[in-house]
Amino acid sequence: MRVLSAVAVAMLCCLAGCWETLSWSPDGRFLAFVNPPGSVPWRWDSLTYELEPISGLPAQRVIYLDSSERMLFFYPMKDDEDKLRVDFRDFGSGTQHQVLPETHPYLFSVSPDGKWLYYIAEQDGANRILKRSIADPEIEEEIWRTDLEIAYPHMGSPSQGLLFAAELEEGVYAIRWLREGKGEPGSPLNSTRSVALPT
């Protein structure tokens, strides 16, 4: 059981809607968060109880990768706060670079090993699922493309593959399962609920 300091609890709980921005470091020592979304991100040390800002820019979300030093920052675009710029930062080496110039909160997923950013992008009238190397953004691969409206990707382990929502027709969607190199995605969960995907 983790016990937070009074300061950390106050910062985490003073406003609703912050829980989805929490991210624990893999070693369980640091807790990074944005409260509220759109404010400067913070990091809390569970050993020393120190609380410090980790960026001077307002962020929508922060995610720890494969170590307590490597993180992704999701910054709202100045001209459109519904769009996010994705930056990588390594606190150990001081390395930082842009991973993706533009995405939306419901169009990306980070691989469990912290090496790849999976995201959905529209090009030439088609929606594409791509994966981009976080360490080297020049390395990118298209996984699948479709004419369907798709969103909410979630990448599990290689054996689990990628889940995403596909709108089959207005108000009708399915949760589809895609494994790289395995052809067309299957559909383990179908639904006919009238819930339109965000645009």
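As a reminder, the structure under discussion sits directly above these lines.
What this report covers is the structure whose coordinates are included nearby. Since we're looking at a predicted model, the values are computed, not measured. (Residues numbered from 1 in each chain as written. Predicted model: local features only at pLDDT ≥ 70, side-chain atom pairs only at ≥ 80, totals over all residues. Heavy atoms only, no water.)

Regarding the sheet that holds strand β9 (residues 108-110)
The condition that has to hold: Only strands joined by at least two bridges in the DSSP assignment are considered to pair. Numbering of helices and strands runs from the N terminus, with a helix taken as a DSSP run of H or I at least four residues long and a strand as a DSSP run of E at least two residues long. Comment: axis = line fitted to C-alpha atoms, over the contacting stretch for helices; angle = value between 0 and 180 degrees taken between N-to-C directions.
If you trace the four strands from one edge of the open sheet to the other, you get β9-β10-β11-β12, paired in antiparallel fashion. With partners counted over all chains shown, the strands left at the sheet margins are β9 and β12 (140-146), one partner each. Adjacent strand axes in the sheet meet at a mean angle of 20 degrees, parallel and antiparallel pairs treated alike. Inspection of the sheet shows strand β10 (residues 116-123) paired to strand β11 (residues 126-133) by eight bridges, in the antiparallel sense.

Remarks on the sheet that holds strand β7 (residues 84-90)
What the four strands build is an open sheet, ordered β5-β6-β7-β8; its pairing is antiparallel. Both outer strands of the open sheet, β5 (61-64) and β8 (96-103), are each paired with one neighbouring strand and no more. Averaged over all pairs of adjacent strands, the angle between strand axes in this sheet comes to 20 degrees, irrespective of strand direction. With five bridges connecting them, β7 and β8 associate as antiparallel partners. From the neighbouring strand, Arg 89 faces β8, where its bridge partner is Gln 96.

Quick notes on unusual backbone geometry
Note on backbone geometry: most residues besides glycine have negative phi, and most peptide bonds are trans. For clarity, the threshold we go by: Categorising residues by exposure relies on relative accessible area from a 1.4 Å probe, with only protein chains included: less than 20% of the type maximum marks a residue as buried, more than 50% marks it as exposed, and the intermediate range marks it as partly exposed.
The phi angle at Tyr 49 is positive, at roughly 65 degrees, despite the residue not being glycine. For Tyr 49, the location among the structural elements is in the loop between β3 (41-45) and β4 (51-53). By relative accessible area, which is 45% here, Tyr 49 ends up partly exposed. For Tyr 152, which is not glycine, the phi torsion reads 55 degrees and is therefore positive.

What to know about the pairing of strand β14 (residues 162-169)
Two faces, one strand: in a regular strand the side chains alternate between the faces of the sheet. Pairing of strand β13 (residues 149-155) with β14, which is carried by five bridges, proceeds in the antiparallel orientation. Pairing of Met 155 across the sheet is with Leu 162, part of β14. In this antiparallel pair of consecutive strands, β13 and β14, the connection spans six residues, and Gly 161 shows a positive phi of 80 degrees. Taking the residues between adjacent antiparallel strands as the criterion, β14 and strand β15 (residues 172-178) are bridged by two residues, where Gly 171 takes a positive phi near 80 degrees.

Just distances and angles here, no functional claims.
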